[in-house]
Amino acid sequence: NPPNLSGQNMDGDGPPPAAPAPSVASVLGDDDLFREILLFLGFPNLLVRAALVSKRWLLHASDPVFLRRFRERNPPRLLGFYAGYPGRYQFVPLPQPRELVALSRRPASPCDGAFARGAERLIHCRNGRLLTAFRSRWRQLRGGRFKHYLLAPLLAGEAPTVLPPAPPPTHERAQARFTQMFLPEDGARDGITLVHLLMVSRKVYAEIYALGSGGWGVPGTAVIEVEHPHGTTFLEELLPPVHGKVFMVRTSGYILGLDLATSTFFTLELPVGVRRSYLLSCADDSGLYLVSAAGFQLSVWLNGMTGDGHGAAGWLLVDTFSIREGCTRFADQNQTLMPQDGDFLRVAAVGDNAEFVFLDYATYGVVLYVHLRSRVVEKVYEQAPYDHGNVHIGRIHISPFMMMWPPVFPALNRGHDKEQLSQHV
């Protein structure tokens, strides 16, 4: 018989049947290929949704090796930030892709609930969780202590956790006291740290508590004698832990560090020319970034923290640039913002790996967001007229709110009913 060149089916009209396509099951059944597909989901919340499909999908999505690859390809995003003062905070969402729009609304819930009561303090914000403190009006009148709560706004349906009462400092004759509570660096729910710093004569004492299943436990203690010029405070600000160390911002040429694991103090010299308006940020491995502002000039420094682990290697200037042009652009849009040479911009918050910085431009009551790699400058917040310049409420607090990492997956022993587990997404 002659060959069929017409494209017609020999048994009737129409083209010949197409070869069968590989089934979806054969593609998703290949573990290596399936993990590659999961990498393209892009966002941790979508990864959790995929894990609801079956036990096999959950095991792949929650595998630690896979999660490291996922984070390298899809770093946690900045969803927004909290701005305000004790008793009055507002969550400001930043623009997000459509897959994250609904999720980015959830961090506003504490502002509508607990913060709205007027006596709430935002102690620390890290990795999608919040540490807050609340004291009722009755307790305020009687000088009562704060109650501390742990919140996870991204986990729908999870109730706030009340923390055990924080132990008070033991030194009763301290000339100055500073207390701060911190969430753990690894993003876990457990491992909250409490640090008391006390100034007694020329010595600084530290008492370090770690919250465990049995409560706050026995404190670690440290002491150091510091230079304390007359008329100055021994501490400007206590920064959250970076690689297991907390750092105390001072104005006397160096940073005072405290190693939480060994309960020892150490000093870290500031980069040349840096004295004020700076914050620290963790770098990869054990390094440390310092972001400073001098007028409109931003500088990014890196200390590898090598050698003794306390920064003896010194600081390396990795980037410096001016944001005056970006501020001038806002001035063209809003005539109330006219940058001047003498204006002071305070570094209010810095992201990990010095990815971004928030600047408090107090002269005009606005907050600027600067993406340090792309050098994009945006005005993201403007204070209310009755707050701007009000010396009684102090400087504005900025707390960036990141997506939670690692994701919180459903537990295997709870089954895989979608309605039951959807609270985690």
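Residues numbered from 1 in each chain as written. Predicted model: local features only at pLDDT ≥ 70, side-chain atom pairs only at ≥ 80, totals over all residues. Heavy atoms only, no water.

An unreviewed UniProt entry lists the protein chain under the name F-box protein AT5G49610-like beta-propeller domain-containing protein, with Aegilops tauschii subsp. strangulata as the source organism.

(A) Here's a closer look at the side chain of Asn 74. Among the structural elements, Asn 74 can be located in the loop between helix 5 (64-73) and strand 1 (78-85). Of note is the side chain of Asn 74, whose polar atom sits 3.2 Å from the backbone oxygen of Leu 39. Leaving out residues up to four positions away in the same chain, Asn 74 has contacts with Leu 39 and Gly 42. (Helix = DSSP H or I, 4+ residues; strand = E, 2+ residues; numbered from the N terminus. Polar contact = N/O pair within 3.5 Å; in protein donor to acceptor, adjacent residues only side chain to side chain. Contact = heavy atoms within 4.5 Å.)

(B) Focus on the pairing of strand 19 (residues 346-350). Counting buried residues in strand 19 gives five out of five residues, a clear majority hidden from the surface. Pairing analysis gives four bridges linking strand 19 to strand 20 (residues 356-361), with the strands arranged antiparallel. Each residue of the ladder has a partner; that of Val 350, found in strand 20, is Val 357. (Buried < 20%, exposed > 50% of the residue type's maximum accessible area, 1.4 Å probe, protein only. Pairing = 2+ DSSP bridges.)

(C) Here's a closer look at the sheet that holds strand 3 (residues 120-126). Strand order in the open sheet formed by four strands is 3-4-5-6, with antiparallel pairing between adjacent strands. The two strands at the open ends of the sheet, each matched to only one other strand, are strand 3 and strand 6 (161-162). Relative to strand 6, strand 5 (residues 147-151) runs antiparallel, the two being bridged by two bridges. Each residue of the ladder has a partner; that of Leu 150, found in strand 6, is Thr 161.

(D) Representation of the nonpolar core in the model. One finds Phe 247, Ile 323 and Leu 359 to be the most contacted residues of the largest nonpolar core, which totals 41 residues. Of all the elements, strand 16 (residues 288-294) adds the most residues to this core, at five residues. Leaving out residues up to four positions away in the same chain, Ile 323 has contacts with Phe 296, Leu 298, Leu 345, Leu 359, Leu 368, Val 370 and Val 377. (Core = buried A, V, L, I, M, F, W, Y, C linked by side-chain atoms within 4.5 Å.)

(E) Structural context of helix 3 (residues 44-51). For helix 3, the buried fraction is high: six of the eight residues fall into the buried class. Among the residues of helix 3, Pro 44, Asn 45, Leu 47, Val 48, Ala 50 and Ala 51 are the ones counted as buried. Against helix 2 (31-39), helix 4 (55-61), helix 5 and helix 6 (101-105) lie the buried residues of helix 3.

(F) Examining helix 2 more closely. For helix 2, every residue scored as buried is listed here: Phe 34, Leu 38 and Leu 39. For helix 2, the arc enclosing every buried residue in end-on projection is 150°, short of the 170-degree limit, so these residues lie on one face. As for helix 2, its buried residues are in contact with helix 1 (24-28), helix 3, helix 4 and helix 5. Two or three places before Asp 32, at the start of helix 2, stands the capping residue Asp 30, its side-chain oxygen 3.1 Å from that residue's backbone nitrogen. (Arc of directions from axis to C-beta.)

(G) Spatial organisation of the packing of aromatic side chains. All chains considered together, the criterion is met by 14 aromatic pairs. Note on Phe 34 and Trp 57: the rings are 4.8 Å apart at their centroids and 50° apart in plane angle, and the pair reads as tilted. In this pair, Phe 34 is assigned in helix 2 and Trp 57 in helix 4, connecting sequence segments 23 residues apart. Looking at Phe 34, the relative accessible area reads 1%, which means it is buried. Both rings, one in Tyr 361 and one in Tyr 364, keep their centres 5.3 Å apart while their planes meet at 85°; by these two values the pair is edge-to-face. Here Tyr 361 falls in the buried class, since its relative accessible area comes to 0%. Linked through ring pairs, Phe 81, Phe 356, Phe 358, Tyr 369 and Tyr 381 together constitute an aromatic cluster. The ring centre of Phe 40 lies 4.2 Å from the NZ or CZ of Arg 73, which sits over that ring. Directly above the ring of Phe 344 sits Arg 276, whose terminal nitrogen or CZ lies 4.2 Å from the centroid. (Phe/Tyr/Trp six-rings, centres within 6.5 Å; stacked < 30°, edge-to-face > 60°. Lys NZ or Arg CZ within 6 Å of the ring centre and 35° of its normal.)

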